[in-house]
Structures are given as structure tokens and as C-alpha cells.
Amino acid sequence: MAVRQVLRMGDARLLERAQPVLDFGAPGLQELLIDMRDTMAALQGAGLAAPQIGVGLQVVIFGVERNLRYPEAEAVPETVLINPVLTSLDDEIDEAWEGCLSVPGMRGLVPRHRHVRYRGFDAEGKPIDRSVSGFHARVVQHEVDHLFGVLYPMRIRDLRQFGFSEVLFPGRDVTLDD
Ligand code: NI
């Protein structure tokens, strides 16, 4: 197990499309997942995509415990999602503040679909099929974007709504990143 270095915006590897996982039994996959969990936990992230640690595979992890510091953030179950397919369930869009471990210290106001369905596979290759809303839907969309080389600043509609966390939210302990 190891905490891996997270690539930061500007690294060309964050702009590449990730490849699907073909062999769920490969030992490298379980090692990758352990490293991703360790890295996400060490950095207090809400999620992490494999390309963020330089691995160009369609693997994301996410999960948020209910936290009194973030009463607005609903709990999101700890999830390993491989080869995801994401579809919006309607045209409703929400805007909310996001951060990213690859864009440390920043926050931006990002539009996302309110309701999405995601399908894919867990760490053992068993199918996942969930329809989710709100914060859960936002976290999934953020992580799956990483698999297509998209970072959240690319989705900000008004770049005046992008800045440093400690300036935007003075006095608030802002550590929730994904
Ligand atoms: Ni991110």
C-alpha cells in the first residue's frame, strides 16, 4: 500500500482518455485500488480517479461519510466504479462548488446534472447500476469526467466563480476535495 503522488492541473496525463479495464483478475488492479484508497484517505478526498495518479484506466473511487462540518453534503457510499457509463435522467442542472485534488486550494461553481444513472463494475467485476441525485450525482460526474480528460474548471460557466478556497470561504475549514 502506498500514498501516490496526485498529478496537478497542467500535467498532460490528466487530459487523456482512460482505457477500459479488461481483466478484473489482474493483481495490478487490486494494488491500484489499494493505492487509490490510501491516497484518497491521506488527502481527505471525496473521490479519486486512476488518471490522477498517472494510471490511464477507467477506475474511480468515491465515498463521503456524513460529516458535521459539511451538513449540506449527503453521505455517499464507498464505491469502486470501473468502466463506468453515465447517463443523465432529465434536463435538470444544479450548480455547486467543487474542488479537486488535482487543483489544490481552489474552488469553482460547476453545473452538473441533478439526476444521473451510472453503470459499471465493482472491484470483483460485479455489475453496478444506480440512479442517484444531488451530491452523489455530482461526485460521480466529477470523477467520470477525469476518465475523459476533463477537469472541473473546464465546466465552470462564469470564471468569476472560481478562486482560492481560503479567499472564497474565509474561516471555513475547507478540506473536502475530489
Ligand atoms: Ni477531481
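These numbers were taken from a predicted model, which means no experiment stands behind them.

Examining the overall build of the chain
No. 1: Helix and strand content of the chain: three helices and eight strands.
No. 2: The secondary structure elements of the chain, listed N-terminal to C-terminal, are α-β-β-β-β-β-β-β-α-β-α.
No. 3: Relative to the compact-globule value of 16 Å for 178 residues, the chain shows a C-alpha radius of gyration of 15 Å, a close match.
No. 4: Projected onto its principal axes, the C-alpha positions of the chain cover 45 × 35 × 30 Å.
No. 5: A total of 178 residues make up the chain; the buried ones form 47% of that total.
No. 6: Partitioning the contacts of the chain with sequence separation of at least 6, the portion at a separation of at least 24 is 68%.
No. 7: When the accessible area of the chain is evaluated, it comes to approximately 9,200 Å², of which 53% is carbon and sulfur surface.
No. 8: Here the chain carries 19 positive and 26 negative side-chain charges, and the mean point of each set is 2 Å from the other.

Here's the deal with the sheet that holds strand S1 (residues 47–49)
No. 1: If you trace the five strands from one edge of the open sheet to the other, you get S1-S2-S3-S6-S7, paired in antiparallel fashion. Edge positions in the open sheet fall to S1 and strand S7 (127–133), since each of these has one partner strand only. Across this sheet, the average inter-strand angle for adjacent strands is 35°, counted without regard to direction.
No. 2: Helix H1 (residues 27–42) rests against S1, strand S2 (59–64) and strand S3 (76–88) of the sheet, and its axis sits at about 35° to S2.
No. 3: Where helix H2 (residues 134–146) meets the sheet, it contacts S1, S2, S3, strand S6 (115–121) and S7, and its direction lies at approximately 65° from that of S3.

Quick notes on the pattern of salt bridges
No. 1: Applying the stated criterion across every chain yields a total of eleven salt bridges.
No. 2: Asp94 is paired through a salt bridge with Arg114; the nearest N and O atoms lie 2.7 Å apart. Taken together, the residues Asp94 in strand S4 (residues 93–98) and Arg114 in the loop between strand S5 (106–113) and S6 connect sequence positions 20 residues apart.
No. 3: Measuring nitrogen to oxygen at the nearest pair gives 2.7 Å for the salt bridge that ties Asp129 to Arg117. Of this pair, Asp129 sits in strand S7 while Arg117 is found in strand S6, placing the two residues twelve residues apart along the sequence.
No. 4: By relative accessible area, Asp129 is classed as partly exposed at 46%.
No. 5: Judged by its relative accessible area of 28%, Arg117 is partly exposed.

Regarding unusual backbone geometry
With the exception of glycine, the majority of residues adopt a negative phi angle, and the majority of peptide bonds are in the trans configuration.
No. 1: Of note in this structure, Gln44 is not a glycine but carries a positive phi near 55°.
No. 2: Structurally, the position occupied by Gln44 is in the loop between H1 and S1.
No. 3: Residue classification places Gln44 among the partly exposed positions, given a relative accessible area of 45%.
No. 4: In this model, Asn83 sits at a positive phi of 50°, which is unusual for a non-glycine residue.
No. 5: Assignment of secondary structure puts Asn83 in strand S3.
No. 6: With relative accessibility at 14%, the residue Asn83 sits in the buried group.

A few points about the environment of Asp35
No. 1: Here Asp35 shows up in helix H1.
No. 2: Residue Asp35 is classed as buried on the basis of its relative accessible area of 12%.
No. 3: Linking Asp35 and Ala2, residues 33 residues apart in sequence, is a C-alpha distance of 5.2 Å.

Remarks on the packing of aromatic side chains
No. 1: Tallied over the full model, the rule gives four aromatic pairs.
No. 2: Consider the rings of Phe62 and Tyr118, whose centres lie 6.0 Å apart with planes at 80°: the pair is edge-to-face. One end of the pair, Phe62, is in strand S2; the other, Tyr118, is in strand S6, and 56 residues separate them in sequence. This pair shows no difference in class: Phe62 is buried, exactly as Tyr118 is.

Rules behind the numbers
- Residues numbered from 1 in each chain as written.
- Predicted model: local features only at pLDDT ≥ 70, side-chain atom pairs only at ≥ 80, totals over all residues.
- Heavy atoms only, no water.
- Helix = DSSP H or I, 4+ residues; strand = E, 2+ residues; numbered from the N terminus.
- Rg over C-alpha atoms; globule rule 2.2 N^0.38 Å.
- Buried < 20%, exposed > 50% of the residue type's maximum accessible area, 1.4 Å probe, protein only.
- Contact = heavy atoms within 4.5 Å.
- Areas by Shrake-Rupley, 256 points an atom, 1.4 Å probe, with all protein chains shown as cover.
- Lys, Arg positive; Asp, Glu negative; His and termini not counted.
- Charge placed at Lys NZ, Arg CZ, Asp CG, Glu CD.
- Pairing = 2+ DSSP bridges.
- Axes fitted to C-alpha atoms, helices over the stretch in contact; angles between N-to-C directions.
- Salt bridge = Lys/Arg side-chain N within 4 Å of Asp/Glu carboxyl O.
- Phe/Tyr/Trp six-rings, centres within 6.5 Å; stacked < 30°, edge-to-face > 60°.

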